[in-house]
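# What the coordinates show
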Amino acid sequence: GAVVSQHPSRVICKSGTSVKIECRSLDFQATTMFWYRQFPKQSLMLMATSNEGSKATYEQGVEKDKFLINHASLTLSTLTVTSAHPEDSSFYICSAGLLARETQYFGPGTRLLVL
Amino acid sequence: QKEVEQNSGPLSVPEGAIASLNCTYSDRGSQSFFWYRQYSGKSPELIMFIYSNGDKEDGRFTAQLNKASQYVSLLIRDSQPSDSATYLCAVTGGSSNTGKLIFGQGTTLQVKP
């Protein structure tokens with residue numbers, strides 16, 4: 001199957017700092033990447049859809065100025081959590097889509113803890 | 001009505017039994033159907049996808065799709081304790097056709113030795 005990586009796997013930061021999370025498709029080109037957030041014992045929540053070379057599409061209720069998404073190439077998308085606060089602590093997961101049949105493969109996730 | 005519905009469980013089966021996981025969806029235009037497995041603290045892992053009515057088998061897993069009834073299921077034969085996880089049903093290709101996965105809330109499966 002297709003492989004998607006994320007970096008870092010875990011990050012702890014102080015309140016008010018910014019954190020960048022990278023998502024890479026390792027063995028295929030992904031025209032579309034998706035960013036999710038998951039709080040403990042809750043379902044995945046889609047935050048935004050990232051398309052290569054164009055602006056990301058954010059889901060309702062997600063602040064685009066707080067969660068900056070850049071999809072500069074067909075294999076890399078980044079999510080930057082700006083001015084992070086403790087309530088942003090969560091499990092952030094990206095997925096990358098193969099154009100045919102819309103199959104999505106998930107990265108291993110990044111666990112963010114904001115102190 | 002939720003777009004994709006699953007019984008949250010937990011569904012408990014003895015080791016070696018068949019586990020049957022069910023999912024219904026509301027958008028009749030949905031075209032692609034996926035089953036993901038998520039272990040606690042991990043990200044989802046794709047198990048199977050199915051596009052056409054009928055059964056699709058892959059090892060111990062069988063996905064079943066009935067578009068007329070808007071129903072998709074996953075059967076796990078010879079269940080093992082390592083199958084204990086949350087199983088997420090997801091669909092795409094509905095009326096909005098954005099490529100976004102619409103997830104159910106997941107069914108927790110417990111396989112007891």
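Everything below is about the structure printed above this text.
Quantities reported herein were computed from a predicted structural model and do not represent experimental measurements.

### What about the interface of chain A and chain B?
- With 20 residues of chain A at the contact, the number on the chain B side is 20 residues.
- On inspection of chain A and its partner chain B, the count reaches one salt bridge.
- Applying the counting criterion to the chain A and chain B interface returns six residue pairs in polar contact (both at pLDDT 80 or more).
- Those elements giving two or more residues to the side of chain A that touches chain B turn out to be strand E4 (32-38), strand E5 (45-51), strand E9 (90-97) and strand E10 (104-106) of chain A.

### Structural notes on the pattern of salt bridges
- Per the counting criterion, the structure on display carries six salt bridges over all chains.
- Between Glu22(A) and Arg24(A) there is a salt bridge; the shortest N-O distance is 3.5 Å.
- Among the salt bridges present, the one from Asp83(B) reaches Arg60(B), with a minimum N-O distance of 2.9 Å. Placement of the pair is Asp83(B) in the loop between strand E8 (71-76) and strand E9 (85-92) and Arg60(B) in the loop between strand E6 (54-58) and strand E7 (61-66), with a sequence separation of 23 residues.
- Its relative accessible area of 1% is what places Asp83(B) among the buried residues.

### With respect to the sheet that holds strand E3 (residues 19-25) of chain B
Residue and element names in this part refer to chain B.
- Overall, antiparallel pairing links the five strands, which are arranged E1-E3-E8-E7-E6 in an open sheet. With partners counted over all chains shown, the strands left at the sheet margins are strand E1 (4-5) and E6, one partner each.
- Bridge analysis of E1 against E3 gives two bridges, and the strand direction is antiparallel. Note that in E3 the partner of Val4 across the bridge is Tyr25.

What counts, and where the lines are drawn
Residues numbered from 1 in each chain as written. Chains lettered and ligands numbered in written order. Predicted model: local features only at pLDDT ≥ 70, side-chain atom pairs only at ≥ 80, totals over all residues. Heavy atoms only, no water. Contact = heavy atoms within 4.5 Å. Salt bridge = Lys/Arg side-chain N within 4 Å of Asp/Glu carboxyl O. Polar contact = N/O pair within 3.5 Å; in protein donor to acceptor, adjacent residues only side chain to side chain. Helix = DSSP H or I, 4+ residues; strand = E, 2+ residues; numbered from the N terminus. Buried < 20%, exposed > 50% of the residue type's maximum accessible area, 1.4 Å probe, protein only. Pairing = 2+ DSSP bridges.

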